[in-house]
Amino acid sequence: MPLPPRVGKPAIYPVARMKKRTDIQGLRALAIAFVVLYHANLSFAGGFTGVDVFFVISGFVIAGTLLGELGRNGRLSLSGFYARRARRILPAPAVMLVVVALVGILADPAGTQRMAAMTGISASALFANFYLVTLHTGYFDVSTQLNPLLHTWMLSVIAQIYIVFPLLLLAGWRLDRSRRARGRGRVWTWAVVALATAMSFWLSYAFTHGYYPSGSHARPKLVFYSSPTRAWEFGAGALLVLALPLLERIPVRLATVLDLAGATAVGLSAFLIHQVGFNEMSALLPVGGACLLIAGGTRARFGVSRLLSLRPMTWLGDLSYSIYLWHWPLIVFAKALWPTTGWAVPVAAGVSILPAWLTYRFVENPIRFHSRLGSRSPVAGRTAVALASACIVLPIAANLGLIRAQDALSSTKAMTSWSQVERLHLDHQKHCASGASLGSAQNAHCVWRVSHPRGDVILFGDSNAGHLAEPVIRAGNRDGYTVRMATYTSCPFMPVRLKRVDGESKLCPRFASESLDYIIRTKPSIVVLASRTDFYLQNPIDGLGFIGKGLTFSNAGKARIWRQVLHSTLLRLQAAGVPVLLVQPIPVLPLDPATCAVVRVLLGGCSSSLPRSAVDKWLRLAAQTDKAAVRGVKGVSLLDFENQLCEKTRCSTVKNGVSLYRDSRHLSVDGALTLTGTVQRAITAHAKPRK
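Residues numbered from 1 in each chain as written. Predicted model: local features only at pLDDT ≥ 70, side-chain atom pairs only at ≥ 80, totals over all residues. Heavy atoms only, no water.

Let us now look at the side chain of Ser124. Within the fold, Ser124 resides in helix α5 (residues 113–124). Here Gly120 takes part through its backbone oxygen, which lies 2.8 Å from a polar atom of the side chain of Ser124. In this view, Ser124 contacts Leu97, Ile392, Pro395 and Ile396; residues no more than four positions away in its chain are not counted. (Helix = DSSP H or I, 4+ residues; strand = E, 2+ residues; numbered from the N terminus. Polar contact = N/O pair within 3.5 Å; in protein donor to acceptor, adjacent residues only side chain to side chain. Contact = heavy atoms within 4.5 Å.)

Within the structure shown, the criterion is met by 14 salt bridges. Where Arg572 meets Asp517, a salt bridge forms, and the shortest distance between an N and an O atom there is 3.1 Å. Remark: Asp517 occurs in helix α23 (residues 507–522) and Arg572 occurs in helix α25 (residues 555–575); sequence separation between them is 55 residues. Among the residues examined, Asp517 registers a relative accessible area of 37% and is labelled partly exposed. With a closest N to O distance of 3.1 Å, Arg612 and Glu642 form a salt bridge. Of the two residues, Arg612 is situated in helix α27 (residues 612–630) and Glu642 in helix α28 (residues 642–645); the sequence distance between them amounts to 30 residues. There is no split in this pair, since Arg612 and Glu642 are both buried. Through salt bridges that share partners, Asp52, Arg230 and Glu233 make up one connected network. (Salt bridge = Lys/Arg side-chain N within 4 Å of Asp/Glu carboxyl O. Buried < 20%, exposed > 50% of the residue type's maximum accessible area, 1.4 Å probe, protein only.)

What the three strands build is an open sheet, ordered β5-β4-β7; its pairing is antiparallel. In this open sheet, the two strands that pair with only one neighbour each are β5 (503–504) and β7 (543–545). (Pairing = 2+ DSSP bridges.)

Quick look at the sheet that holds strand β10 (residues 636–639) now. If you walk across this open sheet you meet the six strands as β1-β3-β2-β6-β8-β10, and the pairing is mixed. Either end of the sheet is taken by a strand with one partner, and the two such strands are β1 (447–448) and β10. The pairing of strand β6 (residues 526–530) with strand β8 (residues 580–583) spans four bridges and is classified as parallel. Directly across from Leu529, in β8, lies its bridge partner Leu582. Sheet strands touched by helix α22 (residues 469–478): β1, β2 (456–461) and β3 (482–487). Its angle to β3, the strand with the most contacts, is close to 160°. (Axes fitted to C-alpha atoms, helices over the stretch in contact; angles between N-to-C directions.)

With 16 residues, α23 extends 22 Å between its outermost C-alpha atoms, agreeing within 8% with the 22 Å of an ideal straight helix rising 1.5 Å per residue. Of all the positions in α23, only Cys508, Pro509, Phe511, Ala512, Ser515, Leu516, Tyr518, Ile519 and Ile520 are classed as buried. A positive backbone phi angle near 50° is found at Lys523, which sits one or two residues after α23. (Expected span 1.5 Å × (residues − 1).)

Further remarks concern the packing of helix α1 (residues 22–39) against helix α15 (residues 311–337). For the pair α1 and α15, the least separation of the axes is 7 Å and the interaxial angle reads 25°. The orientation of α1 relative to α15 falls into the category roughly parallel. When you trace α1 past α15, the crossing you get is left-handed. Two secondary-structure elements touch here, α1 through Thr22, Gln25, Gly26, Arg28, Ala29, Leu30, Ile32, Val35, Val36 and His39 and α15 through Met313, Thr314, Leu316, Gly317, Asp318, Ser320, Ile323, Tyr324, His327, Trp328 and Ile331. Tallied by class, residues from the contact of α1 with α15 come to 11 nonpolar, eight polar and two charged. (Parallel < 35°, antiparallel > 145°, perpendicular 65-115°, else oblique. Left-handed = near helix turned anticlockwise from the far one by under 90°. Nonpolar A, V, L, I, M, F, W, Y, C, P; charged D, E, K, R; others polar.)

Attention now moves to the packing of aromatic side chains. Tallied over the entire structure, the rule returns 18 aromatic pairs. Measuring from ring centre to ring centre gives 5.8 Å for Trp153 and Tyr225, while their planes differ by 75°; the resulting arrangement is edge-to-face. With Trp153 in helix α7 (residues 152–176) and Tyr225 in helix α9 (residues 219–225), this residue pair connects regions lying 72 residues apart in the sequence. Each of the two residues, Trp153 as well as Tyr225, counts as buried. A connected cluster of aromatic rings, assembled from ring pairs, spans Phe81, Tyr82, Tyr162, Phe165 and Phe234. Here Arg230 stacks its cationic end above the ring of Phe224, 4.7 Å away from the centre of that ring. Taking NZ or CZ as reference, Arg665 lies 4.2 Å from the ring centre of Phe535, over its face. (Phe/Tyr/Trp six-rings, centres within 6.5 Å; stacked < 30°, edge-to-face > 60°. Lys NZ or Arg CZ within 6 Å of the ring centre and 35° of its normal.)

It is worth spelling out the state of the cysteines at this point. If you walk through the whole model with that rule in mind, you get four disulfides. Here Cys432 pairs with Cys446 through a disulfide, and the sulfurs are 2.1 Å apart. Disulfide Cys432 to Cys446: torsion about the S-S bond roughly -105°, handedness left-handed. On the criterion of sequence distance, the pair formed by Cys432 in the loop between α20 (426–429) and β1 and Cys446 in the loop between α20 and β1 is long-range, its members being 14 residues apart. Like Cys446, Cys432 is buried. Between the sulfur of Cys491 and that of Cys508 lies a disulfide, 1.7 Å long from S to S. The S-S bond linking Cys491 to Cys508 shows a torsion near -50°; that makes this disulfide left-handed. Of the two residues, Cys491 sits in the loop between β3 and β4 (497–500) while Cys508 sits in helix α23, which places them 17 residues apart along the sequence. One exposure class covers both Cys491 and Cys508, and it is buried. (Disulfide = S-S within 2.5 Å.)

The next subject is a nonpolar patch on the surface. Together, Trp315, Ile353, Leu354, Trp357, Leu358 and Phe362 give the surface a local cluster of nonpolar side chains, amounting to about 570 Å² of exposed area. Along the chain, Trp315 falls in helix α15. (Patch = residues over 30% accessible without salt bridge, like charges linked within 9 Å, V, L, I, M, F, W, Y side chains within 5 Å. Areas by Shrake-Rupley, 256 points an atom, 1.4 Å probe, with all protein chains shown as cover.)

Quick look at the nonpolar core now. Of all hydrophobic cores here, the largest spans 102 residues; its most connected members are Trp153 and Phe165. Core analysis: the next-biggest nonpolar cluster, separate from the first, contains 38 residues, Met485, Ile586, Cys651 and Tyr661 among them. (Core = buried A, V, L, I, M, F, W, Y, C linked by side-chain atoms within 4.5 Å.)

One way to put it is that helix α4 (residues 91–107) packs onto α15 with a least axis distance of 10 Å and a crossing angle of 5°. Judged by the angle between their axes, α4 and α15 are roughly parallel. On α15, the residues that touch Ala92, Pro93, Val95, Met96, Val99, Val100, Val103, Gly104 and Ala107 of α4 are Tyr321, Leu325, Trp326, Pro329, Phe333, Ala336 and Leu337. Residues that form the contact of α4 with α15 fall into these classes: 15 nonpolar, one polar and no charged.

Where β4 lies against β7, three bridges are found, and the strand directions are antiparallel. Note on β7: the bridge partner recorded for Leu498 is Leu544.

Looking at the element boundaries, Arg662 is found in strand β14 (residues 661–663). Look past the residues within four positions of Arg662 in its chain and what remains in contact with it is Val421, Glu422, Arg423, Leu424, His425, Pro593, Ala594, Leu667 and Ser668. A distance of 3.2 Å separates a polar atom in the side chain of Arg662 from the backbone oxygen of Arg423.

For the rest of this paragraph, the subject is empty space enclosed by the protein. All told, the structure shown has three cavities of 30 Å³ or more when counted by the stated rule. By volume, the largest cavity amounts to about 120 Å³. Around the largest cavity, the lining is made up of 14 residues, and of these Ile89, Leu90, Pro93, Ala123 and Leu126 lie nearest the centre. Where the lining of the largest cavity is concerned, the elements lending two or more residues are α4, α5 and α7. Ranked by the residues each element gives to the lining of the largest cavity, the list is headed by α7, at four residues. A class-by-class count of the residues in the lining of the largest cavity yields 11 nonpolar, three polar and no charged. (1 Å grid on protein atoms, 1.4 Å probe; cavity = no way out; pocket = protein on both sides within 12 Å on 5 of 7 lines; lining within 4 Å. Points joined across faces, edges and corners; volume = space filled by probe spheres on them.)

What follows is the structure, given as structure tokens:
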């Protein structure tokens, strides 16, 4: 709503429109290049920080636009601002959402169709970010990465900030024009924006470090996805606009130094941030770098800002919004349709420029710059409302249609057979994978009893223990043992520090320590230990360390720590007289059934295989480390299922008509049950019946 200017009051905002910065468009190009290269798996492990750069740019541009309007007119039309933003951010995503929903009927990964449809519906209503928070997966998790609309979280965050930020700026402006200000210029605007920025940063910090809400598993996702925890990056760009009168007076040499320092920080973020994942402290590097680049670009005559102003960069910057919209769905479709070809994803990333240009040329610009839509006539207002409504309703209808199509396809024989692969294992069905330690009240129901038991069998470890739930329970019960189970995804069965891309879990060491104490105290007949050792040792973004000491990210360093802690753990179990079956990791195969495009499932083409030589090469370090840890410890037997899962020279996700794998590194329920006989023979041979 427009507010009338106060006559006689000196202007406190510059009347001149903020000059167009071609280097800003070039910086958009750099940011989108980082994001696309990261999503295309082209050696930019921290390329997702391009999103942080986008937030800074948006803050700078939007704050500059609003302050320019205040300076020229002495008033701010909120309705005009919201109408312009709606024309800018709604039509292009609406087209993308409709197309992706229609193509997704056959091209979506079969395991994520409903997730994609619900994300599309949420994105249409501008709250996709909060819908993604409700899922049991995070941005960097494999299952979430199969969602062709995962990237819409950023659009929702930006839209939510656009709604609130003009109100904050307007509040500061009114305070600056009040009698309290007494000609102090922009002090209240500075205070309001700076306070909001600081509060957003503090909220992100509080969530990251567990101060609030206590015990919430959604904290890491809230930090990444929510607009309140991301707004500080937008605010940093807005504060730059308020500082422009100062920045325009800095020496050219200093501006050049800022320019080069900013480019260095932004560049380093694309390679370094992956070691710790996203949090507000790691985001300071790309955010600070973007701010320095923008600040230096106000005066620098040479340097990176001048390079960013070149026509190829500004052209790519013009397309950056549309490229962001299209690149990720095309990448996901390419993965689902051609999962075993190395060229599919990079080609899809490159091809995304074509629909991006078409959207920019025939949707973005015609609507954004339409003279009638920009007028203040009643007809233009009604047309704008109708356009915005269509941009919301049509994608929702398309994604509801996707859900209906999925329901229809799910009754086909091929999809029914495929859905068996997606069945959850008993550890998840019975809520035994919650991280509740053995012997705790929360784990008390995770027991499968028999009459007159000969003793107890305990299954303990991470999700690679969980996928053995069915054969261990069936084999143990058949042999007359009560079976107990506790698993925790991505947590080893022994107390070590483990730092993953989403941070370090403090619960993992406690889960391991308390469970091992229970095992030693109760002395079961045998304990089955299983974990994805190969990934803990060889995943470059995972750090491993002794409790109370530092972390290492090298394979050799992690293998040394694993060997020592495992050896001491097995010695404790030996001293307690507890026999151990130490399960070796199963072969890792390149295709998750959930990643198969629907059309591949319908045509029966959802399988993959690898030569055993390639499988053994990957598993070699884990096998050597476990064998070295077992050496000299009595009562420990290694259990390796590779010969049973693989043929003589090749390992496949399907064997004798049975889909063995649920995903690339976990067995399906049916696949796990094929191991029951092997597990039972091992329990019979090594368990100690109760006397």
